[in-house]
Amino acid sequence: MGCLPLPLLFLAGFGLGWLIDGSTGALWGAGLGLVLGLLAMGWLVRAIRGRR
């Protein structure tokens, strides 16, 4: 459950980048989506563990 933001943001970044600038934009979008997904995953795991 904690890793769900990773594939969602990766694919969203890829798709948005592809729409904006083709294959180069898809690469940048996927990279940004990956970084944001990792950050969101860390935040989500920390939030879930903090409640216990």
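Definitions and limits used
For every chain, the first residue of the written sequence is number 1, and numbering continues from 1 onward in sequence order. In keeping with the model being predicted, local features are shown solely for residues with a pLDDT of at least 70 and side-chain atom pairs are shown and tallied solely at 80 or more, while totals for entire chains, interfaces and linings include all residues. Side-chain metrics in this entry use all non-hydrogen atoms of the structure; hydrogen atoms and water are not considered. Only runs of H or I of at least four residues qualify as helices and only runs of E of at least two qualify as strands under DSSP, and these elements are numbered from the N terminus. For patch building, the residue pool is restricted to those with more than 30% relative accessible area and no salt bridge; the joining distance is 9 Å between like charges and 5 Å between nonpolar side chains (Val, Leu, Ile, Met, Phe, Trp, Tyr). Only the protein chains shown count as covering a residue, and every accessible area follows the Shrake-Rupley method with a 1.4 Å probe. Each salt bridge in this description consists of a side-chain nitrogen of Lys or Arg and a carboxyl oxygen of Asp or Glu lying within 4 Å of one another. UniProt positions are given in the numbering used here, feature names are shortened, and annotations may be inferred rather than shown by experiment.

Along the polypeptide, Leu-32 turns up in helix H1 (residues 5-50). Taking the C-alpha atoms as reference points, Leu-32 and Phe-10, separated by 22 residues in sequence, lie 7.6 Å from one another.

Among the surface-exposed residues, Phe-14, Leu-16, Trp-18, Leu-19 and Ile-20 lie close enough to one another that they form a single nonpolar patch of about 610 Å² accessible area. The topology assignment puts Leu-16 in helix H1.

Moving on: the UniProt feature "transmembrane region" (unreviewed entry) in the protein chain. Using the residue numbers shown here, the UniProt feature "transmembrane region" (unreviewed entry) corresponds to residues 27-45. Each end of residues 27-45 is marked by a C-alpha atom, and these two atoms are 27 Å apart; helix forms 100% of the span and strand 0%.

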